[in-house]
Amino acid sequence: MMGYKEDIQVSETTENKEQQEQQISQTTETELNNENNAQDEQTNEVELTAEEKLSAEVAELKAKLEEEENRFLRLRADFDNLRRRTQLDREAAEKYRAQKLLTDLLPVIDNFERALQVEVSSDDAQALYKGIEMVYKTFIEATKQEGLEVIPAEGQVFDPTVHQAVMQEADSEKESGIVLRELQKGYKLKDRVLRPSMVSVNE
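Please read all numbers here as calculations on a predicted model, not as lab measurements.

S.K.: What exactly am I supposed to notice about the overall build of the protein chain here?
M.R.: A tally of helices and strands in the protein chain yields three helices and six strands. Its helices and strands taken in sequence order, the protein chain reads α-α-α-β-β-β-β-β-β from the N to the C terminus. Split into buried and exposed, the 203 residues of the protein chain put 16% on the buried side. Sequence-distant contacts in the protein chain: of pairs separated by 6 or more residues, those separated by 24 or more amount to 62%. Carbon and sulfur atoms make up 51% of the accessible area of the protein chain, which totals about 16100 Å².

Below you can see the structure in the form of structure tokens.
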């Protein structure tokens, strides 16, 4: 009987050991699974963090690229404007290159015209008059080639951009605002007024 009891005890002990070993195995497996899951979660977190960093870097690079493109466009617009202004200035300088010289010569033209208004009778005076007239015509032709033009005045509608009214007169036969007399010739260089005409305007 003793041997039988001992066998039963050994058998129970063996079963208990097997159950303990199974519990330990299950516990170890569970812990390993938990560790694996934790590692997977950490890996996913790392991957997400790396993706977020890349997205942030891409967004930053896009912003910098857009800023540089805008800066380039502004610089190109400024350069185009500068080039156009330089071209216009160069064209204006060429177009009006004789402006100062012609402006300085206007009093000379006035003096020539006053001299030609003098009446002469003697042969010597007439010869001198013809000489002055020839010089005047040559002089006027040279100024015309440089673009000097006389501003029309008498009989024209008063235009404040090219006429300077210094007095008013009354002429019932003409409309109001018509230039009756030209007191001093006006001149322009192409489309730029060098000196407005001094005129008398009808009331």
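S.K.: Would you explain the pattern of salt bridges in this entry?
M.R.: Side chains that carry opposite charge are capable of pairing whenever their charged atoms lie near each other. Evaluated as defined, the whole model comprises 10 salt bridges. Of the charged contacts, one joins Lys64 and Glu60 as a salt bridge, the two residues approaching to 3.6 Å between their closest N and O atoms. Remark: Glu60 and Lys64 occur in helix α1 (residues 2-95); sequence separation between them is four residues, near one turn of the helix. A salt bridge links Glu169 to Arg181, with the shortest nitrogen-to-oxygen separation between them at 3.3 Å. Note that Glu169 is positioned in strand β2 (residues 163-169) and Arg181 in strand β3 (residues 179-184), a separation of 12 residues in sequence. Connected via shared salt-bridge partners are Glu94, Arg97 and Glu146.

S.K.: Is there a simple way to think about the sheet that holds β3 in this case?
M.R.: Strand order in the open sheet formed by three strands is β2-β6-β3, and the pairing between neighbours is mixed. Among the strands making up the open sheet, the edge pair consists of β2 and β3. Taken over all neighbouring pairs, the strand axes of this sheet differ in orientation by 30° on average, direction set aside. For β2 and strand β6 (residues 197-202), the ladder comprises six bridges, and the chain directions are parallel. Bridging from a neighbouring strand, Met167 pairs with Ser200 of β6.

S.K.: Would you mind showing me how to read the environment of Ser176 here?
M.R.: Take Ser176: it is sitting in the loop between β2 and β3. When the C-alpha positions of Ser176 and Val157 are compared, they lie 8.7 Å apart, and in sequence the two are 19 residues distant. With residues up to four places along the chain from it excluded, the contact list for Ser176 reads Asn202 and Glu203.

S.K.: Please explain the environment of Leu148 as it appears in this structure.
M.R.: Position of Leu148 among the secondary structure elements: in strand β1 (residues 148-150). For Leu148, the residues in contact, after removing those within four places along its chain, are Leu102, Leu106, Ile109, Thr143, Tyr187, Lys188, Leu189 and Leu194.

S.K.: Honestly, helix α3 (residues 123-145) in this entry has me stumped. Any pointers?
M.R.: One turn of the α-helix equals 3.6 residues, which is why residues spaced by three or four share an orientation. The end-to-end C-alpha distance of α3 is 33 Å, a good match for the 33 Å that 23 residues give at a rise of 1.5 Å each. Residues of α3 that are buried: Tyr136, Ile140 and Thr143. Turning to α3, the residues buried within the fold contact α2 (99-116) and β1. Where α3 terminates, the next one or two residues include Gly147, which has phi positive at roughly 105°.

Thresholds, definitions, all that
- Residues numbered from 1 in each chain as written.
- Predicted model: local features only at pLDDT ≥ 70, side-chain atom pairs only at ≥ 80, totals over all residues.
- Heavy atoms only, no water.
- Helix = DSSP H or I, 4+ residues; strand = E, 2+ residues; numbered from the N terminus.
- Buried < 20%, exposed > 50% of the residue type's maximum accessible area, 1.4 Å probe, protein only.
- Contact = heavy atoms within 4.5 Å.
- Areas by Shrake-Rupley, 256 points an atom, 1.4 Å probe, with all protein chains shown as cover.
- Salt bridge = Lys/Arg side-chain N within 4 Å of Asp/Glu carboxyl O.
- Pairing = 2+ DSSP bridges.
- Axes fitted to C-alpha atoms, helices over the stretch in contact; angles between N-to-C directions.
- Expected span 1.5 Å × (residues − 1).

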